[in-house]
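Now for the letters of each chain:
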Amino acid sequence: DAKTTQPNSMESNEEEPVHLPCNHSTISGTDYIHWYRQLPSQGPEYVIHGLTSNVNNRMASLAIAEDRKSSTLILHRATLRDAAVYYCILRAYNAGNMLTFGGGTRLMVKP
Amino acid sequence: SQTIHQWPATLVQPVGSPLSLECTVEGTSNPNLYWYRQAAGRGLQLLFYSVGIGQISSEVPQNLSASRPQDRQFILSSKKLLLSDSGFYLCAWMGGRMRRDTQYFGPGTRLTVL
């Protein structure tokens, strides 16, 4: 399975934008880029996903490099409730549609 | 709407005792079902997944087993728990009438083996 590399932790100030990077240099042409986040003592929740084009939804934006070897999750205005571990995951479509979680990035938001 | 339930929420068990964790999904049919484990301070490890009743795939060798007796029920079991089985166990589902590219996670069971 293709792997992702993320910084262990990042800090942000409340109300400021946050850019969470992810490297996936061995991505294949059929791998989708998914982002999930996990708040303390909860199960992960879906944030956003994309294949080639940038994506926007109510939670975040996903910017995908032209060569698809990296991507960035963008939180436009960080709030204290955005403090969580953010996982960047490559997902190949198969019968199981499995997700392989790495270590993720722990985002800390300062008031 | 779709919901996923797990119980119990917390569990403390002695080494060598049996285990049964249950996960049920409501509001969808024929979902893919998954069991993950998260050790303290670590990422999630996929243990089992199921694409249908009676169909179980194991991702890692261990003393745990899984069963899917009904379409929306997924059970994680062990005959004899080890200390290393402690962790946060999460069930997830995907598919049905909802988005087929997103996994939805339950609230989890925190297991402590003493």
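Position numbers for residues start from 1 in each chain and track the written sequence from start to end. Naming scheme: in the order in which they are written, chains are lettered from A and ligands are numbered from 1. Where local features are concerned, this predicted model is filtered to residues with pLDDT of at least 70; where side-chain atom pairs are given and counted, the filter is 80 or more; whole-chain, interface and lining totals use all residues. In computing side-chain properties, one takes all heavy atoms of the structure into account and sets aside hydrogens as well as water.

> What is the right way to look at the overall build of chain B in this model?
Secondary structure summary: chain B contains zero helices and 11 strands in total. Listing every helix and strand of chain B by position from the N terminus yields β-β-β-β-β-β-β-β-β-β-β. Compactness check: chain B gives a C-alpha radius of gyration of 13 Å against a globular reference of 13 Å for 114 residues, within 12% of the reference. Summarising its shape, the C-alpha atoms of chain B cover approximately 40 × 25 × 20 Å along the three principal directions. Burial classes: relative accessible area under 20% of the type maximum marks a residue as buried, over 50% as exposed, and values in between as partly exposed (1.4 Å probe, protein chains only). Going through the 114 residues of chain B one by one, you find that 48% of them count as buried. A run of DSSP states H or I qualifies as a helix once it reaches four residues; a run of E qualifies as a strand once it reaches two. Both are numbered from the N-terminal end. Radius of gyration here uses only the C-alpha atoms, and the compact-globule reference equals 2.2 Å multiplied by the residue count raised to the power 0.38.

> What should I look at first to understand the packing of aromatic side chains in this one?
Here a ring pair, both rings aromatic, is described through the centre-centre distance and the interplanar angle of the planes. Whether two aromatic rings pair depends on their centres lying within 6.5 Å, for rings of Phe, Tyr and Trp, where Trp uses its six-membered ring; planes under 30 degrees apart make the pair stacked, over 60 edge-to-face, and the rest tilted. Scanning the entire structure with this criterion turns up 11 aromatic pairs over all chains. Grouping aromatic residues by their ring pairs yields a cluster made of Tyr36, Tyr46, Tyr87 and Phe101 of chain A together with Tyr34, Tyr36, Tyr49 and Phe105 of chain B. Any Lys NZ or Arg CZ found within 6 Å of a ring centre and within 35 degrees of that ring's normal is scored as a charge over the ring. In this structure, Arg110 of chain B is placed above the aromatic ring of Phe88 of chain B, and the distance from its NZ or CZ to the ring centre is 4.3 Å.

> For this particular structure, what's the right way to read the state of the cysteines?
Put plainly, two cysteines are in a disulfide when a covalent bond ties their sulfur atoms together. Residues and elements named next belong to chain A. Any cysteine sulfur atom paired with another within 2.5 Å is treated as part of a disulfide. Counted by the stated rule, this structure contains two disulfides over all chains. Note on cysteine connectivity: Cys22 is disulfide-linked to Cys88, with sulfurs 2.1 Å apart. Judged by the sign of its S-S torsion, about -80 degrees, the cystine formed by Cys22 and Cys88 is left-handed. Linking Cys22 in strand E2 (residues 18-23) with Cys88 in strand E8 (residues 84-91), this pair joins segments that are 66 residues apart in sequence. Overall, Cys88 belongs to the buried group, its relative accessible area being 0%.

> Would you mind going over the interface of chain B and chain A with me for this structure?
Tallying the contact residues gives 22 residues for chain B and 19 residues for chain A. Joining two parts hides part of their accessible area as seen by a 1.4 Å probe, and the buried area is that hidden amount summed over both. Summed over both partners, the interface of chain B with chain A comes to about 1,500 Å²; 54% of that surface belongs to carbon and sulfur atoms. When residues of chain B are sorted by the area they lose upon contact with chain A, Leu44, Asp101 and Phe105 of chain B head the list and together hold 30% of the total. Salt bridges are defined as contacts in which a side-chain nitrogen from Lys or Arg sits within 4 Å of a carboxyl oxygen from Asp or Glu. Taken together, chain B and chain A are joined by zero salt bridges. Under this definition, polar contacts are N or O atom pairs within 3.5 Å; protein pairs additionally need one hydrogen-donor-capable and one acceptor-capable atom, and for neighbouring residues in sequence, both atoms have to be side-chain atoms. At the junction of chain B and chain A, the tally comes to three residue pairs in polar contact (both at pLDDT 80 or more). Contributions of two or more residues to the side of chain B that touches chain A are made by strand E4 (32-38), strand E5 (44-52) and strand E9 (87-94) of chain B. Contacts are assigned to residue pairs with any non-hydrogen atoms lying within 4.5 Å of each other.

> What is the right way to look at the pattern of salt bridges in this model?
When the charged atoms of two side chains lie near each other, side chains of opposite charge can form a pair. Residue and element names in this part refer to chain A. Tallying each qualifying case throughout the model produces six salt bridges over all chains. Residue Lys110 is joined to Glu11 by a salt bridge in which the shortest nitrogen-to-oxygen separation is 3.2 Å. Within this pair, whereas Lys110 is found in strand E9 (residues 105-110), its partner Glu11 is found in strand E1 (residues 9-13), the two being separated by 99 residues in sequence. A salt bridge links Arg37 to Glu45; its shortest N-O distance comes to 2.7 Å. Its relative accessible area of 11% is what places Arg37 among the buried residues. Under the relative-accessibility criterion, Glu45 is labelled partly exposed at 31%. If you follow the salt bridges from partner to partner, you end up with Arg37, Glu45 and Asp82 in one network.

> Would you mind going over the pairing of strand E7 (residues 64-70) of chain B with me for this structure?
Residues and elements named next belong to chain B. Only when DSSP finds a minimum of two bridges between them are two strands counted as paired. Pairing analysis gives five bridges linking E7 to strand E8 (residues 73-78), with the strands arranged antiparallel. Bridge pairing in E8 links Leu64 to Ser78. A loop of two residues connects E7 with E8, the two strands running antiparallel in sequence.

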